[in-house]
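Listed below, chain by chain, are the residues.
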Amino acid sequence: MESVVNRAATAAPMASREVRWTTVGVAGLVLLVAAQVYGVLTSPPDRDMGHLQKIMYVHVPAAWNAMLAFLLVALASLRYLWKGRLADDLLAASAAEVGMLLTGLTLALGMIWGKPTWGIWWTWEPRLTSTAVLFFMFVAYLILRTFVDDAERRAQWSAVVGLLGALNVPIVYMSVRWWRTLHQMQSSPMTLDSSYTWPLRANAVALMLLMAYAVAHRYRSALMTQTADELMDRLALKGTPGGSRA
Amino acid sequence: MSSDTGRRTAVFVIAGVIVAGAFAYLMLGGIEDNLEYFKTPAELTQLGPEAYGKTVRLGGQVAPGSVKWDAASLDLRFRVTDGAQEIEVHSKGAPPQMFRDGMGVVVIGRYGAGKVFESKELMIRHSEEYRAPKPGERPQEMYRSLIKGEKAS
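Let me sum up the structure you'll find in this document. (Residues numbered from 1 in each chain as written. Chains lettered and ligands numbered in written order. Predicted model: local features only at pLDDT ≥ 70, side-chain atom pairs only at ≥ 80, totals over all residues. Heavy atoms only, no water.)

1. Points about the overall build of chain A
Part 1: Broken down by element type, chain A carries 8 helices and 0 strands.
Part 2: If you list the helices and strands of chain A from N to C, you get α-α-α-α-α-α-α-α.
Part 3: The buried share of chain A, taken over its 246 residues, is 51%.
Part 4: By element, 71% of the accessible surface of chain A is carried by carbon and sulfur atoms, the whole surface being about 11700 Å². (Helix = DSSP H or I, 4+ residues; strand = E, 2+ residues; numbered from the N terminus. Buried < 20%, exposed > 50% of the residue type's maximum accessible area, 1.4 Å probe, protein only. Areas by Shrake-Rupley, 256 points an atom, 1.4 Å probe, with all protein chains shown as cover.)

Below is the structure:
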């Protein structure tokens, strides 16, 4: 296995990379505020649900970006299984954290929308059920990680669970087409007034930037934690007699 | 080192088999038949006596002009249509606020020999269309696609 320590050391321009990612994060935040204001001020109330329609500007971008994050989990997990680099496992874990948060946000906002629209908070129909399964698989994924101490074993188990979890993404996406659901099918520019499509797209891009920033931030801190752990281990192994290990 | 690589390959193969197996199960397993959240009026009619007395979900569109609402007794009667068949539904209590002619609905309840569906729970099924109201436009039009587009794609 390639040492994370070496990897962190060779990734020399860490500082400039950090500045770059901070720029992405700030850009995302500014765009998110602008897109929300744009959406609230310019889009008319829907003829059935009125301003309840505005929930779409967070619910849908959160769902899309959660799927992107889980796609990243799948790619990083696959690459870990292929190459065995611990850094890929840490990237998968970082993306899983962000994806789980966004899925939770999607579910919560969906319920808040569902109560006044459908008349119920929740029902076990295919789209809702598959999304809940997706959410809880990644909760389990993150819990699993805290239970395994050995980094390499944790990475192997996580990669398998992460891949299984990510397998749910196409199922969640296609559920409204494959099966007869209470949840509507995906809207398209054909079924969405243009006054709704642009705020939706702007919010999706803004949240994507924030998602990328969050994953990068968690990945960087995970790399540093791993590096610190490895250095501690080395120190412990060399263990000068009488030396402090704290 | 070589046993390490071997173990990693084993994990990779097992993961691949699980993923491929899950996909095959989804594609070939005929899950699609079991994942219908509701039955259409045509399907429920076709089941006939088989469906009587069981709790089922019926979904479709509120047949335009069929709504009879008695605000005093909170008694609601309407017909659910899929364009081909219609079923009479009886419900107690105020419906969700978006309930109206032409709206997509799913009702949970029992269908009986009296040919009336006794609804215990009434849900609105919103379509994927979002429109700003336009002057002179009839709101019902947007729900035509709900039934016609049902699983057609």
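From this point, things continue past the structure.
2. A word on the interface of chain B and chain A
Part 1: Listed by partner, the interface residues are 50 residues for chain B and 51 residues for chain A.
Part 2: Across the chain B to chain A interface the summed buried area is about 4500 Å²; carbon plus sulfur atoms make up 58%.
Part 3: Linking chain B to chain A there are 4 salt bridges.
Part 4: Close ionic contact of R131 of chain B with D193 of chain A constitutes a salt bridge, the shortest N to O distance being 3.0 Å.
Part 5: Inspection of the chain B/chain A interface yields 17 residue pairs in polar contact (both at pLDDT 80 or more). (Contact = heavy atoms within 4.5 Å. Buried area = accessible area lost by both parts, 1.4 Å probe. Salt bridge = Lys/Arg side-chain N within 4 Å of Asp/Glu carboxyl O. Polar contact = N/O pair within 3.5 Å; in protein donor to acceptor, adjacent residues only side chain to side chain.)

3. Structural notes on the packing of aromatic side chains
Each pair of aromatic rings is reported with the distance of its centres and the angle of its planes.
All names here are of chain A.
Part 1: Scanning the model with the defined rule gives 8 aromatic pairs over all chains in all.
Part 2: Between W113 and W118, the ring centres sit 5.5 Å apart and the planes meet at 85°, which makes this aromatic pair edge-to-face. Of the two residues, W113 and W118, both sit in the buried class.
Part 3: Judged by centre distance (5.7 Å) and plane angle (55°), the rings of F138 and Y141 are tilted. Of this pair, F138 and Y141 both sit in helix α5 (residues 126-147), 3 residues apart, which is roughly one turn of that helix.
Part 4: For Y141, a relative accessible area of 0% puts it in the buried group.
Part 5: Members of the aromatic cluster, connected to one another through ring pairs, are F70, F138 and Y141.
Part 6: Here the basic side chain of R201 rests over the ring of W198, its NZ or CZ set 4.6 Å away from the ring centre. (Phe/Tyr/Trp six-rings, centres within 6.5 Å; stacked < 30°, edge-to-face > 60°. Lys NZ or Arg CZ within 6 Å of the ring centre and 35° of its normal.)

4. Structural notes on the packing of α5 of chain A against helix α7 (residues 168-178) of chain A
Residue and element names in this part refer to chain A.
Part 1: Here α5 crosses α7 at 165°, and the two axes come no closer than 8 Å. In terms of orientation, α5 and α7 fall into the roughly antiparallel class. The handedness of the crossing between α5 and α7 comes out as left-handed. Of the residues in α7, those touching α5 at P126, R127, S130, T131, V133, L134 and M137 are N168, V169, I171, V172, Y173, S175 and V176.
Part 2: Per-class residue counts for the contact of α5 with α7 are 9 nonpolar, 4 polar and 1 charged. (Axes fitted to C-alpha atoms, helices over the stretch in contact; angles between N-to-C directions. Parallel < 35°, antiparallel > 145°, perpendicular 65-115°, else oblique. Left-handed = near helix turned anticlockwise from the far one by under 90°. Nonpolar A, V, L, I, M, F, W, Y, C, P; charged D, E, K, R; others polar.)

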